[in-house]
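So the chains spell out like this:
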Amino acid sequence: MKIVTGDAPEALHLYRHSTAHLLAAAVTQLFPGTQCGIGPATDEGFFYDFVVERPFVPEDLERIEAKMREIAQGDFVYERQMWPRDEALAFFAQRGEPLKVQLIEEKTAGQDTVSVYTIKDRDLFVDFCVGPHVPSSGKLKAFKLLTTSNAYWKGDAQGQPMQRVSGTAFLSDKELQAHLTRLEEAKKRDHRKVGKDLGLFTFHPWAPGATFWLDKGTTLYNILANYMREVLFPAGYVEVKTPLVFNKALWETSGHWEHYRQNMFLIEAEGEQMGMKAMNCPGHMLVFGSGVRSYRDLPLRLHEQTPLHRNEASGVLTGLTRVRQFSQDDAHCFVTEDQIADEVEQLLKLVQRVYRDFGLEYAAKLSTRPAQFLGEVATWDHAEASLRQALERAGQAYTVNEGDGAFYGPKIDFDVTDAIGRKWQCATIQLDYQLPQRFDLHYIGADNAQHRPVVIHRAIFGSFERFIALLIENSAGAFPLWLAPVQARVLPIADRHVDYAQQVEARLAAAGLRVELDARQEKVNYKIREAQLGKIPYMLVVGDREAAEGQVAVRSRAGGDLGATPVDACIQRLLDEVATKGLVPVTQ
RNA sequence: GCUGGCGUAGCUCAGUCGGUAGAGCAGCUGAUUUGUAAUCAGCCGGUCGGGGGUUCGAAUCCCUUCGCCAGCUCCA
């Protein structure tokens, strides 16, 4: 037995796990006949899945939480007991807990005894569990139930539907309150809210999952699109545009007709089945095959930003992070086997550079050969070794997801975290040996013979939509100057200053800055407030003094009143900040 | 797609037991000419998401449908 103290790293996990047991105890007390599934601790808290007669409603949460507090206050002993396996199986079977019986059968095959945890001996709750747990329920104080939702037994959508109750718990009430406050703060940074408030984009019920980019959002989007071109062209990429709608024959060749059709928008035209493209790769295979390719042409890097459509299930659509129409900063690099490691290393460095420019944190993970795979084991081993080598050389920290690769090749994915802690895959680097084969692609080698290229599917932003969502949530809409849709707003104090303000506006615009004029008859306080709420980086106040001196009074969103400066100096300052991408922490 | 919740003016929201739909902000008009986070007044604005039903009468109750939100499954 080991004593885990409050400052041990596993303490929080233990505490949450024990709170999950407390939750299950409360639910089984309040709703007799409830079957328990599993109830683990998570990164953010804990949950427990139940089979209940009717789904939980929000009012149930209050009752359950009240019951949990009651049991906690009773300070009942959590005790680990080793039961003979037969006895445990009989116990849970008799209790009407077939899911627990199933778990015990699966997880303790060949054992004589199984570990169970009780609360107040068998009076309140018994769970099949190895623990560890708190010594008694009185230790549990700082917890809160947050949501109920639907889940499936063992995550199988065809399987037993269950009700999941989720909550969070901390070692102290102070930490719990801090966490709840963080969640509230995160709501204010939600890209759906910020995007609406700042006039970046909108949606309409007649095009669910498809973004209407408003003018300011389009500006931002175009900055990203052009930024990516500026990054990729020097790295040897060329840009192409391929069709949005293809004959079924293409999708049959690529294999998507068989495996992905249910997620595609299908169209019929003159008796022919057509499919809107859900990815660019098949089209790029045709581009590669459109001419004779020499080994001297490799790597051939085809970049494309045109829109894709995926008919995602309605229930998964979420703001900009999960949509039906989106564009990737997609590219396919056609390489020889020997070029894989170098190409991936170059890619990793591009990813690092881009995420640094945008000030986003990410986590890389390498996914290796899955159980179901195509091709030779030796090829896979070489590919995985190439990826590891590239990761090492690029100095990229990563974790490994064994067996999580695509059936056609291993991959490296990059996750970025949103305002409420959800992780979204953005950048991805995927090796593919299959598609070039399906399209019978080849290049002429130095030996004058035909060889099969390897293709690397890769995206750095991932999709513009998702990337912008994460950019918004990480900056709260207070974009650095180079990304701000409106970089400066000129604020004349009175009508007599409007002429001068227009001159200032024109000079900034001529210098290539995105500038607006607020010539309304409002007090300057009011104009500043609106510009500030609009997250505009610079406010240029002009009144009698500035007009007389050829100056502007500069106010920065982050730093407040910076004093008067000549217009040219102001322009230069802004241009410098744009050029350096303001690589300082983004503040509000 | 599944389970639950939600849908009232451009935005944020109120609307009791079923009894003639409200506020603030925004917008418009007028006054005000303003120096670093909200000047004042007036006015305009809603088939209460859509459709159907119950009722003398529905924002309110029921059915259905669409959308949104949380989670699940699936994915960039």
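Refer to the structure printed above.
Participant: Explanation requested: the state of the cysteines in the structure shown.
Facilitator: In protein chemistry, a disulfide is the covalent bond that joins the sulfur atoms of two cysteines. As enumerated under the stated definition, the model contains zero disulfides in all. Summary of cysteine pairing: cysteine 281 is not part of a disulfide, and the nearest cysteine sulfur, belonging to cysteine 333, is at 13 Å. A relative accessible area of 8% means that cysteine 281 is categorised as buried.

Participant: Looking at this structure, I do not really get unusual backbone geometry. What am I missing?
Facilitator: Across the chain, the bulk of peptide bonds are trans and the bulk of non-glycine residues have phi less than zero. The linkage connecting leucine 298 with the following residue, proline 299, adopts the cis geometry, with an omega of -5 degrees. With respect to the element layout, proline 299 can be found in the loop between helix H10 (281-288) and strand E14 (300-304). At glutamate 270, a position not held by glycine, the phi torsion is positive, near 50 degrees. Mapped onto the secondary structure, glutamate 270 falls in the loop between strand E12 (266-269) and strand E13 (272-276).

Participant: Where do I start with the protein's contact with RNA strand B in this structure?
Facilitator: Contacts to RNA strand B come from 57 residues, most closely from Ser314, Gln425, Gln521, Arg529 and Glu546. Protein-proximal atoms of RNA strand B, defined as those within 4 Å of the protein, fall in sugar or phosphate at a share of 50%. At 3.2 Å, a side-chain N or O of serine 463 approaches a base nitrogen of RNA strand B. In this structure, a phosphate oxygen belonging to RNA strand B sits 2.9 Å away from a side-chain N or O atom of tyrosine 526. Elements that contribute at least two residues to the surface near RNA strand B include exactly strand E6 (143-152), strand E7 (161-169), helix H6 (191-197), strand E16 (325-335), strand E20 (423-432), helix H16 (524-533), helix H17 (544-549) and strand E27 (551-556).

Participant: What am I meant to see in the nonpolar core here?
Facilitator: Soluble globular proteins: nonpolar side chains tend toward being buried together. If you look at the biggest cluster of nonpolar residues, it comprises 61 residues, and the most contacted ones within it are Tyr355 and Phe358. Dropping the residues within four chain positions of it, phenylalanine 358 is found in contact with Leu224, Tyr227, Phe461, Phe467, Leu471, Trp482 and Leu483. Counting 31 residues, the second largest nonpolar core, distinct from the first, contains Leu22, Val27, Phe50 and Tyr78.

Participant: Looking at this structure, how should I read the sheet that holds E27?
Facilitator: Picture the strands of a sheet paired through backbone hydrogen bonds; they go either parallel or antiparallel. With mixed pairing, the five strands of this open sheet are ordered in space as E25-E24-E26-E27-E28. The open sheet has two free edges, formed respectively by strand E25 (515-517) and strand E28 (560-566), since each of these has just one partner strand. Put simply, the sheet's adjacent strands are angled 25 degrees from each other on average, direction ignored. Alignment of strand E24 (residues 488-492) against strand E26 (residues 538-542), held across five bridges, turns out to be parallel. Residue pairing for E26: arginine 489 is matched across the bridge by methionine 539. In the packing of helix H15 (residues 498-510) onto the sheet, the strands contacted are E24, E25, E26 and E27, and the crossing angle to E25 comes to about 170 degrees. Contacting E24, E26, E27 and E28, helix H18 (residues 567-579) crosses the sheet at an angle of about 120 degrees to E28.

Participant: Could you clarify how one ought to interpret the environment of glutamine 273 in this entry?
Facilitator: Mapping glutamine 273 onto the fold places it in strand E13. In the structure, glutamine 273 is positioned 83 residues away from aspartate 190 in sequence and 40 Å away in space, judged by C-alpha atoms. In contact with glutamine 273, not counting residues within four places along its chain, are Phe246, Asn247, Lys248, Trp257, Leu266, Ile267 and Glu268.

Participant: Any chance you could explain the packing of helix H7 (residues 215-232) against helix H14 (residues 464-475) here in plain terms?
Facilitator: When two helices pack together, their arrangement is given by the angle between their axes and by how far apart the axes lie. Here H7 crosses H14 at 110 degrees, and the two axes come no closer than 11 Å. Here H14 runs roughly perpendicular to H7, going by the angle between their axes. When you trace H7 past H14, the crossing you get is right-handed. Packed against H7, whose contacting residues are Leu220, Tyr221, Leu224 and Ala225, the element H14 presents Phe464, Glu465, Phe467, Ile468 and Leu471 at the interface. For the contact of H7 with H14, the residue count by class is eight nonpolar, no polar and one charged.

The rules behind each value
- Residues numbered from 1 in each chain as written.
- Chains lettered and ligands numbered in written order.
- Predicted model: local features only at pLDDT ≥ 70, side-chain atom pairs only at ≥ 80, totals over all residues.
- Heavy atoms only, no water.
- Disulfide = S-S within 2.5 Å.
- Buried < 20%, exposed > 50% of the residue type's maximum accessible area, 1.4 Å probe, protein only.
- Helix = DSSP H or I, 4+ residues; strand = E, 2+ residues; numbered from the N terminus.
- Near = heavy atom within 4 Å.
- Polar contact = N/O pair within 3.5 Å; in protein donor to acceptor, adjacent residues only side chain to side chain.
- Core = buried A, V, L, I, M, F, W, Y, C linked by side-chain atoms within 4.5 Å.
- Contact = heavy atoms within 4.5 Å.
- Pairing = 2+ DSSP bridges.
- Axes fitted to C-alpha atoms, helices over the stretch in contact; angles between N-to-C directions.
- Parallel < 35°, antiparallel > 145°, perpendicular 65-115°, else oblique.
- Left-handed = near helix turned anticlockwise from the far one by under 90°.
- Nonpolar A, V, L, I, M, F, W, Y, C, P; charged D, E, K, R; others polar.

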